[in-house]
Amino acid sequence: GQQVMQIPQYQHVQEGEDFTTYCNSSTTLSNIQWYKQRPGGHPVFLIQLVKSGEVKKQKRLTFQFGEAKKNSSLHITATQTTDVGTYFCAGRNLDGNNRKLIWGLGTSLAVNP
Amino acid sequence: DAGVTQSPTHLIKTRGQQVTLRCSPKSGHDTVSWYQQALGQGPQFIFQYYEEEERQRGNFPDRFSGHQFPNYSSELNVNALLLGDSALYLCASSLDRGVEQFFGPGTRLTVL
């Protein structure tokens with residue numbers, strides 16, 4: 001079945017360093033979403049990417065969707081302690097009626113002040 | 001405007017018992033999805049409800065069932081609980097064909 005893999009599983013950085021998490025799907029995706037989950041919290045929607053090669057920015061966060069629509073990345077510039085949490089990607093396959101999101105295992109980010 | 005609410009917050013059950021979890025969607029949302037999140041894992045899609053019908057289902061056994069009411073609130077029922085059902089159960093609401101899902105705080109289920 002369809003799988004979504006994320007690397008790395010964990011990342012520990014000093015405040016001010018950059019951070020990147022990568023997401024790879026075993027199948028071509030219709031779209032991909034990114035979520036952030038703080039420790040003890042629930043997932044919060046960050047963004048959806050739909051177009052091949054799409055790049056979107058939200059302040060210090062940059063999201064990319066690969067040309068083949070099978071991979072994606074989230075890059076955080078100059079991390080802050082408020083960036084701590086687990087970042088998940090979640091993809092939908094190409095079936096137009098598919099509403100099911102397949103989630104990666106997430107990348108847990110720790111930031112040393 | 002309240003966001004997505006879930007009840008109860010925590011629940012402890014024993015193997016073989018049955019449990020019902022409840023979810024009220026964000027105001028104006030008509031679609032509810034349920035997820036299971038085991039510790040250290042990503043959420044796993046259980047099913048989605050729209051117009052009081054199960055519209056899509058993930059790879060979960062029939063022990064997992066649900067319901068959506070005319071006011072769009074929803075219930076998740078799990079029968080014959082197993083130890084492996086211990087997890088955080090998340091409800092997410094959205095508009096039909098909407099992009100963004102809003103998650104509730106979840107119900108932490110422990111099966112002993």
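Refer to the structure presented above.
Values in this document were obtained by computation on a predicted structure and should not be read as measured data.

The rules behind these values
- Residues numbered from 1 in each chain as written.
- Chains lettered and ligands numbered in written order.
- Predicted model: local features only at pLDDT ≥ 70, side-chain atom pairs only at ≥ 80, totals over all residues.
- Heavy atoms only, no water.
- Helix = DSSP H or I, 4+ residues; strand = E, 2+ residues; numbered from the N terminus.
- Contact = heavy atoms within 4.5 Å.
- Areas by Shrake-Rupley, 256 points an atom, 1.4 Å probe, with all protein chains shown as cover.
- Lys, Arg positive; Asp, Glu negative; His and termini not counted.
- Charge placed at Lys NZ, Arg CZ, Asp CG, Glu CD.
- Salt bridge = Lys/Arg side-chain N within 4 Å of Asp/Glu carboxyl O.
- Buried < 20%, exposed > 50% of the residue type's maximum accessible area, 1.4 Å probe, protein only.
- Polar contact = N/O pair within 3.5 Å; in protein donor to acceptor, adjacent residues only side chain to side chain.
- Buried area = accessible area lost by both parts, 1.4 Å probe.

*Asks:* For this particular structure, what's the right way to read the overall build of chain B?
*Replies:* If you tally the helices and strands in chain B, you get 0 helices and 11 strands. For chain B, restricting intrachain contacts to residue pairs at least 6 apart in sequence, the fraction spanning at least 24 positions comes to 53%. In the form shown here, chain B has an accessible surface area of approximately 5,300 Å², with 49% of it arising from carbon and sulfur atoms. When the 9 positive and 11 negative side-chain charges of chain B are each reduced to one mean point, those points stand 10 Å apart.

*Asks:* Looking at this structure, I do not really get the pattern of salt bridges. What am I missing?
*Replies:* Where side chains of opposite charge bring their charged atoms close, a pairing between them can arise. Residue and element names in this part refer to chain B. Enumeration according to the criterion identifies 6 salt bridges over all chains in this entry. A salt bridge links E75 to R22, with the shortest nitrogen-to-oxygen separation between them at 3.4 Å. Separated by 53 residues along the polypeptide, E75 in strand 8 (residues 74-78) and R22 in strand 3 (residues 19-24) bring together distant segments of the chain. Given the relative accessible area of 41%, R22 is considered partly exposed. Where R57 meets E54, a salt bridge forms, and the shortest distance between an N and an O atom there is 3.0 Å. Judged by relative accessible area, which is 36%, E54 ranks as partly exposed.

*Asks:* Please clarify how the side chain of B:R63 should be interpreted in this entry.
*Replies:* Residue and element names in this part refer to chain B. Inspection of the secondary structure puts R63 in the loop between strand 6 (53-57) and strand 7 (64-68). Engagement of the side chain of R63 in a polar contact is seen with the side chain of D85, the distance being 2.9 Å. Once you skip the residues sitting within four places of it in the chain, R63 turns out to touch N77, V78, N79, A80, L81, L82 and D85.

*Asks:* Got a minute to help me understand the interface of chain A and chain B in this structure?
*Replies:* The extent of an interface is frequently quoted as the accessible surface area lost upon association of the parts. With 17 residues of chain A at the interface, the matching set in chain B holds 22 residues. Interface area for chain A against chain B, summed over the two sides, is near 1,700 Å², with a carbon-plus-sulfur share of 49%. Contact with chain B buries surface across chain A, with A:R99, A:K100 and A:W103 losing the most and accounting together for 37% of the total. Our enumeration of links across chain A and chain B arrives at 0 salt bridges. For the pair chain A and chain B, the number of links is 5 residue pairs in polar contact (both at pLDDT 80 or more). Broken down by secondary-structure element, the contributors of at least two residues to the side of chain A that touches chain B are strand 4 (29-37) and strand 5 (44-49) of chain A. Per-element tally for the side of chain A that touches chain B: the top contributor is strand 4 of chain A, with 3 residues.

*Asks:* Help me understand unusual backbone geometry, please; the structure alone is not making it clear to me.
*Replies:* Apart from glycine, the bulk of residues carry a negative phi angle, and the bulk of peptide bonds sit in the trans form. Residue A:P8 is bonded to the preceding A:I7 through a cis peptide linkage, with omega at -5°. You can see A:P8 is positioned in the loop between strand 1 (4-7) and strand 2 (10-14). Following B:S7, the chain continues to B:P8 via a peptide bond in cis, the omega torsion being -10°. Counting through the fold element by element, B:P8 comes out in the loop between strand 1 (5-7) and strand 2 (10-13). Non-glycine residue A:A78 carries a positive phi angle of around 50°. Considering the arrangement of structural elements, one finds A:A78 in the loop between strand 8 (71-76) and strand 9 (85-93). When its relative accessible area of 30% is taken as the criterion, A:A78 is described as partly exposed. Residues other than glycine seldom take positive phi values, yet B:Y72 does so here, at roughly 80°. Tracing the backbone through its elements, the reader meets B:Y72 in the loop between strand 7 and strand 8.

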